[in-house]
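# An overview of the molecular structure
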Amino acid sequence: MAREQKAVLAGVDGSARALDAVRWAARDAALRKRPLRLIHVGEDADCLAAAEDAAAVPGVEIRRGARTGHPAQRLIEESATASVVVLGSHGLGGFPGMLLGSVAGALAAHAHCPVVVVRGAPSEDAPVVAGIDASPGGDAALAFALDEANLRRVPLLAVHTWTDMTMGETWSVLPIDADYGAVAEDERRLLAERLAGWREKYPDVDVRPVVVRDRPVRGLLTAGRDAQLIVVGSRGRADFGGVGLGSTSQALLHHSPCPVAVVR
């Protein structure tokens, strides 16, 4: 028997932002040719009907269900059988105290699949942005970003930021008298090498390397002004020694001008 295809999962709470997330999830499900699963955790199951109306995209199979319990915990459990989880920018904002940090943040840190938090109203022909760093999980985030860019037929901006730390195999602090022009050139070379194999896997994606001397959050927020999605790993160079969701990912979830995907 063929294995059941993993669905795109959208968290529903009746809020306008949750409906924005449902619309984003429905389009992603259509592009990926996967079913869409709408889940509400709580007692107001009527909001699922409005969500289903918002998700009306030709060719997308829609499933819906209500659950009880703690929203973050239940959605983390549901993520085990999903290809991606999509939430509104305030998470399940219809629940008292369930703001972004406690629901979307928890999902981004502990879900079994990528998590997308929908913010803003980006153009569908805008590029996808991927944050590139030296973290072990970086390849998973880059693969997800390339998949999205390929499906949406838009360019991918591969953004690598650096300040007083170099990319390399391990991060190292630059000496005070470093030649920053030479360092920038080395960073561009390392990024090109990092992307080389991926260009072969995704020949139809216009991959545009971007090397910026700036902090990761600020560099990605700047790139995100004209993007339809920013993709990052759940940890990165700003997250050494941390537990759970990294500081760069958290900042983007709160301040990004466009949807953010966090890939563990």
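Scoring rules and cut-offs
- Residues numbered from 1 in each chain as written.
- Predicted model: local features only at pLDDT ≥ 70, side-chain atom pairs only at ≥ 80, totals over all residues.
- Heavy atoms only, no water.
- Pairing = 2+ DSSP bridges.
- Helix = DSSP H or I, 4+ residues; strand = E, 2+ residues; numbered from the N terminus.
- Axes fitted to C-alpha atoms, helices over the stretch in contact; angles between N-to-C directions.
- Contact = heavy atoms within 4.5 Å.
- Core = buried A, V, L, I, M, F, W, Y, C linked by side-chain atoms within 4.5 Å.
- Buried < 20%, exposed > 50% of the residue type's maximum accessible area, 1.4 Å probe, protein only.
- Left-handed = near helix turned anticlockwise from the far one by under 90°.
- Nonpolar A, V, L, I, M, F, W, Y, C, P; charged D, E, K, R; others polar.
- Phe/Tyr/Trp six-rings, centres within 6.5 Å; stacked < 30°, edge-to-face > 60°.
- Lys NZ or Arg CZ within 6 Å of the ring centre and 35° of its normal.

## Notes on the sheet that holds strand E3 (residues 62-67)
Pairing within the open sheet is mixed, and its ten strands lie in the order E3-E2-E1-E4-E5-E12-E11-E6-E7-E10. Bordering the open sheet on either side are E3 and strand E10 (207-213), each of which pairs with just one other strand. For this sheet, the mean angle separating the axes of adjacent strands, direction not counted, is 20 degrees. Two elements, strand E5 (residues 115-118) and strand E12 (residues 260-263), share three bridges in a ladder whose sense is antiparallel. From the neighbouring strand, Val116 faces E12, where its bridge partner is Ala261. Helix H3 (residues 71-78) rests against strand E1 (7-12), strand E2 (36-41), E3 and strand E4 (82-88) of the sheet, and its axis sits at about 155 degrees to E2. On the sheet, helix H7 (residues 216-224) packs against strand E6 (128-131), strand E7 (156-162) and strand E11 (229-233) and is oriented at approximately 155 degrees with respect to E7.

## Brief notes about the nonpolar core
Leu36, Val116, Leu156 and Val231 are the most contacted members of the largest nonpolar core, which totals 45 residues. Ignoring anything within four residues of it in the chain, the contact list for Val231 reads Val128, Val129, Ala130, Gly131, Ala141, Phe144, Ala145, Ala261 and Val263. Of all hydrophobic cores here, the second largest spans 31 residues; its members include Ile76, Val85, Val159 and Val260.

## Thoughts on the packing of H7 against helix H8 (residues 247-255)
The interhelical angle for the contact between H7 and H8, taken along N-to-C directions, is 35 degrees, at an axis separation of 9 Å. In terms of crossing hand, the pair formed by H7 and H8 is right-handed. Across from Pro216, Val217, Leu220 and Leu221 in H7, the residues of H8 making contact are Thr248, Ala251, Leu252 and His255. A per-class count over the contact of H7 with H8 returns six nonpolar, two polar and no charged.

## Notes on the packing of aromatic side chains
Per the stated rule, a full pass over the model turns up one aromatic pair. Between the aromatic rings of Trp198 and Tyr202, the centroid separation amounts to 6.5 Å while the plane-to-plane angle is 25 degrees, which identifies the pairing as stacked. For Tyr202, a relative accessible area of 14% translates into the label buried. The side chain of Lys201 reaches across the aromatic face of Trp198, ending 4.5 Å from its centre.

## With respect to the environment of Val262
Along the chain, Val262 turns up in strand E12. What makes Val262 buried here is its relative accessible area of 0%. Considered as a pair, Val262 and Val116 are 146 residues apart in the sequence and their alpha carbons are 6.4 Å apart.

## Structural notes on unusual backbone geometry
For Lys33, which is not glycine, the phi dihedral falls at a positive 55 degrees. In this fold, Lys33 is placed in the loop between helix H1 (16-32) and E2. The exposure class of Lys33 is exposed, given its relative accessible area of 66%. At Arg153, a position not held by glycine, the phi torsion is positive, near 60 degrees. Relative to the assigned elements, Arg153 resides in the loop between helix H5 (138-152) and E7.

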